[in-house]
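Below are the chains, spelled out letter by letter.
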Amino acid sequence: SPDSRLWGDPGVGLGKAPGFTTTAKMANLALFGLLAAPLLSCFADDFTLHLLNQSYADERQAYCLDGSRPGYYFRRGSGDGQNKFKFHLEGGGWCFSTDSCYSRAQSVLGSSTHWTIHPTNKDHMPDKNLGLSGLMGNDTANEFADWTAVFVRYCDGSSMSSQRAQPVQYKDMKLYFRGHAILEAIMDELLTAYGMNQASDVILSGTSAGGLATYMHMDWLGSKLRNNTSYGAVPDAGWFLDAKSLSGDYAFRASMQSGLATWFDSAIVGSNKHCLSNETADPWRCFFAQYLASYIETPMFVVNSMYDPANYGFVLQLHCGSNLTRCNATELQEAQDYHDLYLSVLQQDLLSRGTEHGLFATACNQHEHTCRQLDFEVMKVQGMNQNDAVARWYQDVVLGNGGADTNVHIDGRWPDNDTCQNIYHGSC
């Protein structure tokens, strides 16, 4: 369903937020789809879908929720960029219960039977924007334009973490919870068949649920690369706070705990191993970026809005929904208070960890920033766009060239940034 596509388990987050109906949500997304389609068609057609060979998928037990083969879109780079990889994990919420995973298994986010060989603006529902521009694009302004690009499709509903040994029979379908097996199988194929084991440079990125997956898996992926590969991560829109909702409960924490009970049949795996070995009493903490940050060894450049509508749905449960222009004065103050909490958590749990981490924290009322050209090249914080900010951090930190005064860019308050693109949710 549209709600489960955008926000995960039906009944959690914006699907239940008063004052923000599915009709209103879809109307805005339809408008965005019309705006995004010309941009997407410029950059997506040269990607080709690669599904895992059936025998290889069977060997690795790597299946989408419905048992179909997982896969990824691939575009070989040019020149020196052929040996440099940008590796993106698609977002798309979560399914936190067997019933919602059953619904997802019949959609583009749970079955590869809905995917097309070449991505088009009609392939990805409901907002028709697959997110293959921005960081993943190859336009001339992009600092990473000539790199080999890999866009991993999302079909497990668990941020590529789930691991049940046997499928679960539910209604008329067997459900496969094999998220981490998917990631491992795709990564091993890229290493052995596409030359990623000889890559000079690798950037791992991801948005939303894929952004959370980036936090969870970046150290694991780094361990698979050769020692002299320059490697960093750019998680986008995956920093969901472990904070109380306006009702006073930890609603998103409870949802994630429900998800863990659905995705695993024994020990919880599929996240940062150092976190899991230290958080044995509360393994759910290893599915929140603010707790993962202290265990992460990979240099990362965090991109997130401090007015992220997905945080309003999953975490805060803001009554006016995700579009702040529809909020009354009381609700706007609640959003500003959440901004203050969000910024304090970023400062405490990310920026205090060292100078190897960069930050691009915007005041734009939208979810996901790196995967659309206008956001990546036009949106600015403190006079710098994401394209330049990510490139400078990569040169300074990952390549060790130094020279920048700072790789931390923190915006002011909504609605003061006039470079925001009036797009508060994408699909990448």
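Thresholds, definitions, all that
- Residues numbered from 1 in each chain as written.
- Predicted model: local features only at pLDDT ≥ 70, side-chain atom pairs only at ≥ 80, totals over all residues.
- Heavy atoms only, no water.
- Helix = DSSP H or I, 4+ residues; strand = E, 2+ residues; numbered from the N terminus.
- Buried < 20%, exposed > 50% of the residue type's maximum accessible area, 1.4 Å probe, protein only.
- Polar contact = N/O pair within 3.5 Å; in protein donor to acceptor, adjacent residues only side chain to side chain.
- Contact = heavy atoms within 4.5 Å.
- Phe/Tyr/Trp six-rings, centres within 6.5 Å; stacked < 30°, edge-to-face > 60°.
- Pairing = 2+ DSSP bridges.
- pLDDT = per-residue confidence, 0-100.
- Salt bridge = Lys/Arg side-chain N within 4 Å of Asp/Glu carboxyl O.

Engineer: Help me understand the side chain of N304, please; the structure alone is not making it clear to me.
Structural biologist: Positionally, N304 belongs in strand β9 (residues 301–305). The exposure class assigned to N304 is buried, which follows from its relative accessible area of 2%. At 3.3 Å, the side chain of N304 forms a polar contact with the backbone nitrogen of A237. In contact with N304, not counting residues within four places along its chain, are D236, A237, G238, W239, Y342, F360, A361, T362 and H369.

Engineer: Please explain the packing of aromatic side chains as it appears in this structure.
Structural biologist: How two aromatic rings sit relative to each other is given by the distance of their centres and the angle of their planes. All chains considered together, the criterion is met by 28 aromatic pairs. Ring geometry for W94 versus F240: centroids 5.3 Å apart, planes at 75°, classification edge-to-face. Here W94, found in the loop between β3 (84–89) and α4 (98–104), pairs with F240, found in the loop between β8 (230–236) and α7 (251–263); they are 146 residues apart in sequence, far enough to count as distant. Of the two residues, W94 and F240, neither departs from the other in class, the shared state being buried. Ring geometry for F96 and F252: centres 6.2 Å apart, planes at 70°, overall edge-to-face. On the criterion of sequence distance, the pair formed by F96 in the loop between β3 and α4 and F252 in helix α7 is long-range, its members being 156 residues apart. Of the two residues, F96 and F252, neither departs from the other in class, the shared state being buried.

Engineer: Mind showing me how you'd approach the pairing of strand β2 (residues 71–75) here?
Structural biologist: Within a regular strand, side chains alternate between the sheet's two faces. In terms of burial, β2 is largely enclosed, as five of its five residues are buried. Taking every second residue as pointing to the same face, both faces of β2 are buried, with G71, Y73 and R75 on one and Y72 and F74 on the other. Bridging between strand β1 (residues 48–51) and β2 involves four bridges; their strand directions are antiparallel. Paired with H50 across the two strands is Y72, which belongs to β2. Where β2 and strand β4 (residues 148–152) come together, four bridges link them in antiparallel fashion.

Engineer: Just to check I follow, could you spell out the confidence of the model for the chain for this structure?
Structural biologist: A low pLDDT means the predicted coordinates there should not be read in detail. Per-residue pLDDT for the chain averages 87, and the proportion of residues at 70 or more is 86%. Considering only residues more than four positions removed or in separate chains, one finds that residues 1–43, a stretch of pLDDT under 50, has 97 contacts. Considering only residues more than four positions removed or in separate chains, one finds that residues 122–128, a stretch of pLDDT under 50, has 27 contacts.

Engineer: Mind showing me how you'd approach the pairing of β8 here?
Structural biologist: With seven of seven residues buried, β8 is to be regarded as a mostly interior element. Where strand β7 (residues 201–207) lies against β8, seven bridges are found, and the strand directions are parallel. Within the sheet, the bridge partner assigned to T207 lies in β8 and is D236.

Engineer: In this structure, what is going on with the pattern of salt bridges? I would like to understand it.
Structural biologist: When their charged atoms lie close together, side chains carrying opposite charge are able to pair. Applying the stated rule across the entire model yields 11 salt bridges. Of the charged contacts, one joins K171 and D99 as a salt bridge, the two residues approaching to 3.4 Å between their closest N and O atoms. In this pair, K171 is assigned in the loop between β5 (168–170) and β6 (173–175) and D99 in helix α4, connecting sequence segments 72 residues apart. For E279, the salt bridge goes to R285, with nearest N and O atoms at 3.2 Å. The partly exposed category is assigned to R285, whose relative accessible area is 23%. Through salt bridges with shared partners, a single ionic network connects R60, D188 and K224.

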